Amino acid sequence: MVYALSAVPFLAALAILLTPSDRTALLRRIALAGTGFSFVLTLVLFAAFDRSRAGFQFVSSVPWIPSLGISYTVGLDGINLTLCLLHALVSFAGAFMAVRTTDRLKTYLFFYMVLSGAIYGVFTALDLFFLYLFYETTLIPLYPMIGIWGSKNKEYGAMKLTLFITTGAVLSLFGLLMLVHSAGLNSFDLAALTRALQAAPLSDSLQRWLAPVIVLGFGVIASLWPLHSWSPIGYAAAPTSVSMLHAGVLKKMGPYFILRVAVALLPLGTAHWSSWLAILATTGILYAGYAAIRQRDLKFMVGFSSVSHMGYVLLGIAAMTQTSLTGTVLLMFAHGIMAAATFALIGWIYEQTHARGVLDFGGLAKQIPFVGVSFVLVSLASLGLPGFVNFAAELTIFVGSWTRFPWAVALAVFGILITAIYLLRAVQSVCYGPVNPRWKDLKDAQTLTEKWPFLLLIGALIVFGFYPRALTALVGPAVAALTGGQP
Amino acid sequence: MTLNLGILLPEWIALGALLVMLTGEIVSGQGAWRWNRAIARASSVVILIVLLFFKGTKTQAFGGMFVLDSFAVTFKILLTAAVFFILPMCRGLGAAHGNRPEAFHLVLWTALIGMFFLVSSRDFLLLFVSLEIVTLSFYIMTAWLKRSLLSIEAGLKYLVLGSLASAFLVFGIGLVYTASGAVTFEAVAAFFRANPRAPLMILGLLFMISGLGFKMAAVPFQLWVPDVYQGAPTPVTAFLAVGSKSAGVAVLLRVLTEVFPGWADQRMLLFGVLSALTLLYGNFAALPQTNIKRLFGYSSIAHAGYLLMGLACGAPQGSSAVLFYLMAYIPANLAAFWVITLVGEASGNDEIASYRGLARRSPVLAAVFFTALLSLAGVPPLAGFFAKFLILFAAVRSGLGALALFGALLVAVSLFYYLSIVRRMYLEEPENPSKIEVPFDTRALLVVLAAALLLLGFIQAPFLAQAVRSLPGLG
C-alpha cells in the first residue's frame, strides 16, 4: 500500500504526458486526482498506524538488485509518517496552485507530479539506495520548473539551486557508499544497518570523518549556514507551487537524512561534531533573521526566514536528546506547513499584482479579508505563538537542547525576537494601514476551491497546535528507536 | 588447429552484406545504387538476432585466435545496435558534399566488421590488424566532407595522432613478443604468470595501454578528441564516441583481465592517476565550450575518466561497472548525437547558440536531448546515474575512496555544462522560430532511446546481471 504513495503521482505524470496539451481541464483533473489520492491514502495510513508499537509498520520489500544488497523496501515509522503527512498536505494544496499555471500547463503539471512522487519516494523508502535515488530524482523537475516558470532572476536562481544541492548530494552519496561499505553487511537496507550499527558501532575514527561528510552533504539542502545561499534566491525565483514544495517539504529531506543516517548510524561521529553543528545552526538563526529584516521582497524575506527556522531544526539535531529530536521532527512538520502556506499566499497576491515588495501593499486585511487574515495567521504561526503547532515544536526543541547547549538556546530564543521584528513589520505594512489604490481590483479567494489550499494548511497548523500529542505520540517512540533508547 | 567457422556467423553475414554493397556500388556506377543503407540496416537487425542465439556460449575458432564468449557477444550486440541507430543519422551525408554517399556506408560497415574481430581477438596480431581496420575506416570517415576544411583537418589530425598510437601499440606488442616469444593471449598469459616481474612485459603493457588510451580518449592521449569530434561529420563523431571508445575499452578490459591478471597494484595506481587527470581535464575544459560537438568531445573525455576509474578497480566489481557504464553511455550518446545531427542540419552549424528555444521549435528533440543530457550527467532515475553509482561504489569497495569522492564532486561540475544546454533549449526564446520537422520513424527511434535510458536506470538488475555474466575470462 505504501508503494502507491509514490507510484500514483508517477502514474499521474505518465497520464499527463499522454494527454494532449489542449485538454487543459482533463490535465488539471489528473493532477488534482493524483495528489488527492496520495493525500487520502496518507490520512488512512495515519489513522491506521499502530501507536502502541515501536519500529517500522506497513513494511514491504521487493528484491531489486540482490547482488548489491539493494531492495525496494518501504515502511513507515513515526518520523517519516509525519513527513509523509506534511508532504500530503503541501503537495495537495500546492496542486491547487499548480493548476492555475497558464503557460505550458501540461509540462508544468508533468514535472509537478514527478516531483511529488519522488518526494513520497524519499519519505517512504527504507533502503539507502532508493532513498538517494528518489532524493536526486527531485532534481530533474526542479531546474526546468524554476527556470521556465519562475520570476525574478530565474535562470541564475535555478542554476544556483541545482548546483548547490547536487554538490551536497554527491558529497553525501560518497558518504553513504563509504558507510555501506564499512558496515560490511552487503546491504543498503536501512533497518538492517540501524540494527547492526547500534549493536556494533563503527570505529570512532571512521565515524568522526564520515559524520561531517553526511551532515554537510545533506546540510546543503537543509540550508545549513553557510551553505544556505541558494535558498532565498531559489525560492524568490521559483513559481508558487515549487516554492511551496521546496521550502515546505524538500528542505526537510536534509534533516531527515541527517536523522536517519548521521544520528542513527553514526552517533559517535555526530556527537563529536555536535557543538560545531550547534554553532552553525545558531549562526544561521541569527544571520538569516537579520538578513530577513533587511529584505524588501516578501519572497526573499520568507526565504531567509526559512533558513532561520531550519536553524532551530538543526539545533535540535545537534543536541541529540530524545526531546530535542522529537521537537525537530515536529518543527519540520510545522515549518513545512507554515512556509508552504506563506508562499501560497504571496503567490496569490503576486499572480494578480506582479508585485511582492514588503512596502508595495497596504490594508489587504480589509481589502481581501480571507487572504489578508490568512497571512496574519501564518505569520503568527511562524512567530511560534501558542495555538499553532510551531509553538509546541520550538518549545520542545528549546527544552530538549537546554541541557546540552544553554547558550545556543538563549540565542535561539533571541532569534524569535528577530523573527517578530520582520514578520510583524511585514504584517503591518501588507495587511494593515491605508489601502494601496494601485491594487483596487485585487480579488480575494472566493470559491471553496480557491480557499481550500489555505484552509487545509492553516487548519493543520491549528489542529495540531491544539493537539500536538497526535504527532508527538508518533514521533517520540520513533526517535527513541532511532537513538537506540527505550521508548 | 580447429577452424570452427560456424561461430563466425555474424561476421559472415556482415561480410556478405559488405560484398553485396560493394558489388552494387561498383556495378551500378555513379549515383544509381541507393540500397546500401537499407542493406546495412537489414543486416544489422539480422546480426542482432543471430547474436542473441550465441548468448552464453564460449567457443574458439582458428585455434584460439578468435573467441566467441559472452563478453564478445555483449559488445557485438552493443556495437551492432549502435550502428543500427547511426545509419539513419547518415541521411544528411548526401551528394551535396560532393561524394558518393553510398560509399560512406561501405566504410562504416567495414569499421563495424573490424570491431567485431577486435572484441573477439585472443591474439595480439589479430588484435592489431582488426584495430587498424577500425582506425583506417575512421580516418576516411572523419575526412569525408571533402569541401569542409574542418573535416579535412580533423581527418589529418586523427591520422597523425592515430598512427602514433598504433605505433605505440605495435611496439608494445613487439616488446611483449620479445619477452615471451608468443602472440596468443594464452601463451603470453602463461609466460606472465611464470615471470610476473619481467620488465619488458610491463613496458610492453604500458605501451599497449598508451595505444588503447588513445581510442578511449584518456588523458594524456586526448589531444585529438575536441578537434576531431568537432570536424568530423556528426554521425561519424557519434560512432567515434560510441563505437571506437567501447571497442578500446573492450580490448583493454580483455587484455588486462585475461593476459595480465596479476598486475593489480600498479594497475590500480596507474589507472587511478589517469582517471583523476582525465576527469579533471574533461570536465573543466568542457565548461567554456561554445560548439556542441566540441563540448561532447570534452564530455567524452570526462566519461573516459569514469571508465578508467572502473578499470582501476579491477574484476569483478570494477569490470562489471565498466560494462554497465558503456551500456548506459551508448544509448545516451546515440540519442544526443542524433539530436545534434538534426539540429545541425536545420540550423547549418553546431554552435550551442543554435539550441536557443529548441523546446519551442521541436518539443520532441528537446525532450530527448534533455533526457540524454541528464543521463550523461548522472541524474537518477536515468541509466547514467546507476552507471556512475556502480563505478563509485566499486571504487569505494576497492579502497579508492579519495578517487570516488573526486569523481562524485565532478558530477556537479558536469551538471553545469549539461544544464547550460538545457537552459538554451528551454529557457531562451528561439532566434529562428521555424519548427524543425522530425519524421515519424526518427521520432519513434529517439523515443525508444530515451525510454531505454529510463529502463536501464530503474530496472537495473537484469542489465547488471548481464554485465556480470559477460566479464572477460569467465565465459
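Everything numeric here is computed off the predicted structure, so don't read it as measured data. (Residues numbered from 1 in each chain as written. Chains lettered and ligands numbered in written order. Predicted model: local features only at pLDDT ≥ 70, side-chain atom pairs only at ≥ 80, totals over all residues.)

## Digging into the overall build of chain A
From N to C terminus, chain A includes 21 helices and two strands. In chain A, of all internal contacts separated by at least 6 residues, the share reaching a separation of at least 24 is 81%. (Helix = DSSP H or I, 4+ residues; strand = E, 2+ residues; numbered from the N terminus. Contact = placed C-beta atoms within 7 Å.)

## Considering the packing of helix α4 (residues 105–124) of chain A against helix α11 (residues 240–265) of chain A
Residues and elements named next belong to chain A. At a closest axis distance of 11 Å, the pairing of α4 and α11 adopts a crossing angle of 15 degrees. Considered as vectors, α4 and α11 are oriented roughly parallel to each other. Where α4 crosses over α11, the handedness of that crossing is left-handed. Every residue of α11 that contacts α4 at Tyr 112, Leu 115, Ile 119 and Val 122 is listed here: Ser 241, Leu 245, Val 249, Leu 250 and Met 253. Broken down by class, the residue content of the contact of α4 with α11 amounts to eight nonpolar, one polar and no charged. (Axes fitted to C-alpha atoms, helices over the stretch in contact; angles between N-to-C directions. Parallel < 35°, antiparallel > 145°, perpendicular 65-115°, else oblique. Left-handed = near helix turned anticlockwise from the far one by under 90°. Nonpolar A, V, L, I, M, F, W, Y, C, P; charged D, E, K, R; others polar.)

## Looking at the packing of helix α1 (residues 9–28) of chain B against helix α2 (residues 36–53) of chain B
All names here are of chain B. Where α1 contacts α2, the axes come no closer than 9 Å and their chain directions differ by 170 degrees. The angle between α1 and α2 places the two elements in the roughly antiparallel class. Contacts from Leu 9, Pro 10, Ile 13, Ala 14, Ala 17, Val 20, Met 21 and Glu 25 of α1 reach α2 at Asn 36, Ile 39, Ala 40, Ser 43, Val 46, Ile 47, Val 50 and Leu 51. Counted by class, the contact of α1 with α2 contains 13 nonpolar, two polar and one charged residues.

## Quick notes on the interface of chain B and chain A
Each partner contributes residues to the interface: chain B has 27 residues there, and chain A has 25 residues. Counting only elements with at least two residues in the side of chain B that touches chain A, the list comes to α16 (383–397), α17 (401–427) and α19 (461–469) of chain B. Of the residues belonging to the side of chain B that touches chain A, the class tally is 23 nonpolar, two polar and two charged.

## What about the environment of Met 244 of chain A?
All names here are of chain A. Position of Met 244 among the secondary structure elements: in helix α11. For the pair formed by Met 244 and Ile 337, sequence separation is 93 residues and the distance between their alpha carbons is 8.7 Å. Ignoring any residue separated from it by four or fewer positions in sequence, one finds Met 244 in contact with Val 90, Gly 94, Met 97, Ala 340, Phe 343 and Ala 344.

## Some points on the pairing of strand β1 (residues 57–65) of chain A
Residue and element names in this part refer to chain A. Bridge count for β1 against strand β2 (residues 70–76) is six bridges, and the pairing is antiparallel. If you follow Pro 63 over to β2, its bridge partner there is Ser 71. Linking β1 to β2, which pair antiparallel, is a turn of four residues; within it Gly 69 sits at a positive phi near 70 degrees. (Pairing = 2+ DSSP bridges.)

## Let's talk about the environment of Glu 186 of chain B
In this structure, Glu 186 of chain B sits in helix α7 (residues 185–194). In sequence terms Glu 186 of chain B and Arg 122 of chain B are 64 residues apart; their C-alpha atoms lie 7.8 Å from each other.

## Some remarks on the confidence of the model for chain A
Scored by pLDDT, chain A comes out at a mean of 87, with 99% of its residues at no less than 70. Ranking the helices and strands of chain A by mean pLDDT puts helix α5 (residues 128–137) of chain A first, with 92, and helix α16 (residues 364–367) of chain A last, with 80. (pLDDT = per-residue confidence, 0-100.)

## Describing helix α7 (residues 154–183) of chain A
All names here are of chain A. Over its 30 residues, α7 runs 42 Å from end to end, which matches the ideal 44 Å to within 8%, given 1.5 Å per residue. Most of α7 sits out of view: 23 of its 30 residues are buried. Two residues or fewer past α7, Gly 184 is found with a positive phi of approximately 70 degrees. (Expected span 1.5 Å × (residues − 1). Buried ≥ 20, exposed ≤ 12 C-beta atoms within 10 Å, placed from the backbone.)

## As for the environment of Val 422 of chain B
Examined against the element boundaries, Val 422 of chain B turns out to sit in helix α17. Look at Val 422 of chain B and you get buried, because 25 C-beta atoms sit within 10 Å. Between the C-alpha atoms of Val 422 of chain B and Ala 367 of chain B, which are 55 residues apart in sequence, the distance is 9.5 Å. Beyond its immediate stretch of four places on either side in the chain, Val 422 of chain B contacts Tyr 143 of chain A together with Phe 370 and Leu 373 of chain B.

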